[in-house]
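Examining the three-dimensional arrangement
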Amino acid sequence: MHLAILRTGQTNAALNGAFPDYPEMFADLLNTAGAHKNISFTFTSFAVFNHELPTDASDFDGYI
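Residues numbered from 1 in each chain as written. Predicted model: local features only at pLDDT ≥ 70, side-chain atom pairs only at ≥ 80, totals over all residues. Heavy atoms only, no water.

Describing the sheet that holds strand S1 (residues 2–7)
Reading across from one edge, S2-S1-S3 is the order of the three strands in this open sheet, with parallel pairing throughout. Of all strands in the sheet, those bounded by a partner on one side alone are strand S2 (42–47) and strand S3 (62–63). (Pairing = 2+ DSSP bridges. Helix = DSSP H or I, 4+ residues; strand = E, 2+ residues; numbered from the N terminus.)

Describing the pairing of S1
Relative to S2, S1 runs parallel, the two being bridged by six bridges. The partner of Arg 7 across the bridge, within S2, is Ala 47. In this fold, the crossover linking S1 to S2 by way of helix H1 (residues 22–36) has right-handed handedness. Sheet topology note: the S1/S3 ladder contains two bridges and is parallel. The partner of Leu 3 across the bridge, within S3, is Gly 62. (Right-handed = clockwise from strand over helix to strand, strands pointing away.)

Things to note about the pattern of salt bridges
Under the counting rule described, the total for this entry stands at one salt bridge. Linking Arg 7 and Asp 21 is a salt bridge whose minimum nitrogen-to-oxygen distance equals 2.8 Å. Highlighted residues: Arg 7 in strand S1 and Asp 21 in the loop between S1 and H1, separated in sequence by 14 residues. We classify Arg 7 as buried; its relative accessible area is 16%. (Salt bridge = Lys/Arg side-chain N within 4 Å of Asp/Glu carboxyl O. Buried < 20%, exposed > 50% of the residue type's maximum accessible area, 1.4 Å probe, protein only.)

A closer look at H1
Taking 1.5 Å of rise per residue, 15 residues should cover 21 Å, and H1 covers 22 Å from first to last C-alpha, within 8% of that figure. Burial in H1 covers these residues: Pro 23, Ala 27 and Gly 34. The arc that holds the buried residues of H1, viewed along the axis, is 40 degrees, so those residues lie on one side. In H1, the exposed positions that point more than 90 degrees away from the buried face belong to Leu 29 and His 36. (Expected span 1.5 Å × (residues − 1). Arc of directions from axis to C-beta.)

Quick notes on the packing of aromatic side chains
Counting across every chain of the model gives three aromatic pairs. Between Phe 60 and Tyr 63, the ring centres sit 5.7 Å apart and the planes meet at 65 degrees, which makes this aromatic pair edge-to-face. Take Phe 60: its relative accessible area is 12%, and that puts it in the buried class. Looking at Tyr 63, the relative accessible area reads 38%, which means it is partly exposed. Three or more aromatic residues joined by ring pairs make a cluster, and in this case those are Phe 46, Phe 60 and Tyr 63. (Phe/Tyr/Trp six-rings, centres within 6.5 Å; stacked < 30°, edge-to-face > 60°.)

By themselves, these are just geometric observations and shouldn't be taken as functional.
Below you can see the structure in the form of structure tokens.
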């Protein structure tokens, strides 16, 4: 399943190194849950706050 992660912000710079950024957090969460159901995910991240958006909504199975 190919999911798009629409980033609307970044983690606090003071936490860099201590915690991953949001796309990695979502990927870890979903990959862990998917492993229990034999579901595999791929992710593409878009920095919406920098005006990055998917070019075609149908390129992805879902959005976060």
